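Chain residues, written in single-letter form:
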Amino acid sequence: QGQLLAKSWSALFEGQSGATPRSPIYSFNGRNVLTDPLWPHRLAWHGSTPRGGHARRWDCRGWRSSGTAEGMATVLGEGRLLAGHRHNCSAP
């Protein structure tokens, strides 16, 4: 039985009240990214524009650990999945 993340597909992207995660969101290794200290920034990396297009200069493509590249990511809990801001691609 799954848990509701948003009331609708558009709510997930348009900042409606149903888009703020109330249920746990788990990483691939089973950690709750909303509460686990391993995830200090709680970012959803997406590399997209606010309208869902590819943010070509801000997608961390070709990133190397020693680089200063930036990518688009959204802080989970802001309510708009694609309302991203540029973050250093080296951020955890």
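See above for the structure.
Residues numbered from 1 in each chain as written. Predicted model: local features only at pLDDT ≥ 70, side-chain atom pairs only at ≥ 80, totals over all residues. Heavy atoms only, no water.

(A) Quick peek at the sheet that holds strand E1 (residues 43-45). Strand order in the open sheet made by the three strands is E1-E2-E3, with antiparallel pairing throughout. With partners counted over all chains shown, the strands left at the sheet margins are E1 and strand E3 (85-88), one partner each. Recorded for the sheet is a direction-independent mean angle of 55° between the axes of neighbouring strands. Pairing analysis gives four bridges linking strand E2 (residues 70-75) to E3, with the strands arranged antiparallel. If you follow glutamate 70 over to E3, its bridge partner there is asparagine 88. (Pairing = 2+ DSSP bridges. Helix = DSSP H or I, 4+ residues; strand = E, 2+ residues; numbered from the N terminus. Axes fitted to C-alpha atoms, helices over the stretch in contact; angles between N-to-C directions.)

(B) Fine view of the packing of aromatic side chains. As enumerated under the stated definition, the model contains zero aromatic pairs in all. The ring of tryptophan 58 carries the charged tip of arginine 86 above its face, separated from the ring centre by 4.2 Å. (Phe/Tyr/Trp six-rings, centres within 6.5 Å; stacked < 30°, edge-to-face > 60°. Lys NZ or Arg CZ within 6 Å of the ring centre and 35° of its normal.)

(C) Layout of the state of the cysteines. Applying the stated criterion across every chain, the model contains one disulfide. A disulfide bridge connects cysteine 60 with cysteine 89, and the sulfur atoms are separated by 1.9 Å. For the disulfide bridge between cysteine 60 and cysteine 89, the dihedral angle about the S-S bond is near -95°, and by the sign convention the bridge is left-handed. With cysteine 60 in the loop between E1 and E2 and cysteine 89 in the segment after E3, the pair connects residues that are 29 residues apart, well separated along the chain. In this structure cysteine 89 comes out as buried when scored by relative accessible area, which is 10%. (Disulfide = S-S within 2.5 Å. Buried < 20%, exposed > 50% of the residue type's maximum accessible area, 1.4 Å probe, protein only.)

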